[in-house]
Amino acid sequence: MKQKKPKKQKTGIGKYIAISVVCFLIGAVWLVLGIMGSLPAFENIFGEGGVVRGTEIGYGIGIVMIIIGAAVLDRGRKKKKKAEEAQAVPEVQETPAVQEAPEAVPLAELPDGTVRETHGLDMRTILSHAADVSTIELQDGTHVASFDFLWGNVYGGEYYYVVSLGRGAAFQMYILHIDNSAPDTAQYVEEGEMREQVIADCTAALQAAGVTLPPPEEAPKKVGILERIKSNIPQRPKAEKGKRLWAFASVAALYIVLLSMGLFCYFRPMGSGDTAELVQGIALAYLLITPSVLLFLSVFDPFGMPYGAKRALNILGIILMIGADVLGLVLFMNMPEPQDHIIGMVITWFLPAALVVSTVAYIFAYLFWCEGLPDGWQIGTAYIVTVLFPVATALILAAIILLFLIMFIRWIISAFGIMLGGSGLERGWKQGWSGESTPSEYEITVDGYTRHLSRLDGNRYRDNVGDVWVTDDGGQTFHKE
């Protein structure tokens, strides 16, 4: 008999990796600030001597945070190695290994019309606690199905059960006769007086209990458009933890690049005049979307975080994005008014709207769309929505404007139809809009006689005796002219 291996313990390195990555990201941001501290534009932040002060603060905090991250990561690595060594216990064979059990003998084939209880239980015992039995799992040939147990009774020592499959229109009821010589099997009763008596007794018992047969169909589960789209994406197992960490690192690097370029272009915009203001506004917009990385971290979860930690990241990310939107609106409102009207519209209208729309779009993309998707789709979504967020914002805003435009056009058409008041011009307008044509002939009954109407013009028709009839509701009713 072999000694059991000790249960594998969790090394807990995931939290060390998470803390070290956060430290590395913070350190990288401060190093960027330190490098940019050499720019004269930083003087308006740090005051006089800001070049030296900004560089010292940036390099100082950046290097300290990176050292802390490296120390935390090294501690986690040592803890993992120590745990692995403790788990590496050699197997000790105390006694000769017992012989393996012989292969199970396959069950004998069942004759046609016979079913077997899959666990080999005596089905006659069901009646002793029938109120607690709702289903019976039976093997019919090679097929195993869970039958609903409806009713049972004993007739002269013979056990008869009524079971069913399906609901609604698919409901099917079966009569089973338990084999006393092999009580784990039963035969279908398909004809005979006994079948009719069992059905009559079962129906009376179920009616007395207020049970309706067949049972109503279960309402189909509603599946939204998003679920239907995601169901067409092939599911793949998650990659190894190391590969997932590298994948998240690539997304984190993208956010660091955007943050660095945003800081650089915001404090030292390229160009001059209106062009510089436009570059500064776009850089500010990219700066203020960086808190969305917390949402992606909680969904992609490369560290195997507990549910509470992921939920806290979601809440923190949403709060920071909303705070960034408020800050962005204030900063955009205080920017100088550009001379160019198009640039002014972009800075005063489009970019502030982009912040609000992008917040909603990031919450939808990360928390709803990415949930349950393969790793590659999640990474691709992060790249697309982050790099192209102004384009996506423009498309979303265009869709909103187009929706309002369609609503306005429909209102105009409706108002135009009301003004025309059912005239021939109004009917012609409807026909041109819908593509439907008005019939040129009708039949009406007058005083018990049928008259055939042929169109004269517009909504006027002449019958076969020479009278002229007019319709004001497209042929629903007629009155004599």
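Use the structure listed above.
Since the model is a prediction, treat every value here as computed from it, not as a measurement.

Student: Go over the overall build of the chain with me, naming the residues and quoting the values.
Tutor: In terms of regular secondary structure, the chain is built from 13 helices and 11 strands. Taking all 481 residues of the chain together, the buried fraction comes to 33%. A sequence separation of at least 24 residues applies to 55% of the contacts in the chain between residues at least 6 apart. Entry remark: accessible area of the chain is about 30400 Å², with carbon and sulfur atoms responsible for 62%.

Student: Help me get a handle on the sheet that holds strand E11 (residues 479–480), residues and values and all.
Tutor: An order of E7-E8-E9-E10-E11 is seen for the 5 strands of this open sheet, with the pairing classed as antiparallel. With partners counted over all chains shown, the strands left at the sheet margins are strand E7 (441–446) and E11, one partner each. Relative to E11, strand E10 (residues 468–470) runs antiparallel, the two being bridged by 2 bridges. Each bridged residue has a counterpart across the sheet, and for Trp469 the counterpart in E11 is Lys480.

Student: Outline the sheet that holds strand E5 (residues 172–178), listing residues and values.
Tutor: Strands sit in the order E1-E2-E3-E4-E5-E6 around a closed barrel of 6 strands; the barrel is antiparallel. In this sheet, adjacent strand axes meet at a mean angle of 45° when their direction is disregarded. For strand E2 (residues 135–140) and strand E3 (residues 143–155), the ladder comprises 6 bridges, and the chain directions are antiparallel. For Leu138, the partnering residue across the bridge sits in E3 and is Ala145. On the sheet, helix H4 (residues 193–208) packs against E3, strand E4 (158–165) and E5 and is oriented at approximately 90° with respect to E3.

Student: Mind laying out the side chain of Asp301, listing which residues take part and the relevant values?
Tutor: Take Asp301: it is sitting in the loop between helix H8 (293–300) and helix H9 (307–333). Residue contacts for Asp301: discarding those within four places in its chain leaves Arg244, Phe296 and Lys310.

Student: So what's going on with helix H7 (residues 274–287)? Residues and values would help.
Tutor: Here H7 spans 20 Å end to end across 14 residues, near enough to the 20 Å set by a 1.5 Å rise per residue. If you check which residues of H7 are buried, you get Asp274, Ala276, Glu277, Val279, Gly281, Ala283, Leu284, Ala285, Tyr286 and Leu287.

Student: Describe the pattern of salt bridges, listing the residues and the values that go with them.
Tutor: Within the structure shown, the criterion is met by 8 salt bridges. Here Arg124 ties to Asp122 by a salt bridge, and the two come within 3.0 Å at their closest N and O atoms. Residue classification places Asp122 among the partly exposed residues on the basis of a relative accessible area of 26%. Connected through shared salt-bridge partners, Arg451, Asp463, Asp467 and Lys480 make up one network.

About the cut-offs
Residues numbered from 1 in each chain as written. Predicted model: local features only at pLDDT ≥ 70, side-chain atom pairs only at ≥ 80, totals over all residues. Heavy atoms only, no water. Helix = DSSP H or I, 4+ residues; strand = E, 2+ residues; numbered from the N terminus. Buried < 20%, exposed > 50% of the residue type's maximum accessible area, 1.4 Å probe, protein only. Contact = heavy atoms within 4.5 Å. Areas by Shrake-Rupley, 256 points an atom, 1.4 Å probe, with all protein chains shown as cover. Pairing = 2+ DSSP bridges. Axes fitted to C-alpha atoms, helices over the stretch in contact; angles between N-to-C directions. Expected span 1.5 Å × (residues − 1). Salt bridge = Lys/Arg side-chain N within 4 Å of Asp/Glu carboxyl O.

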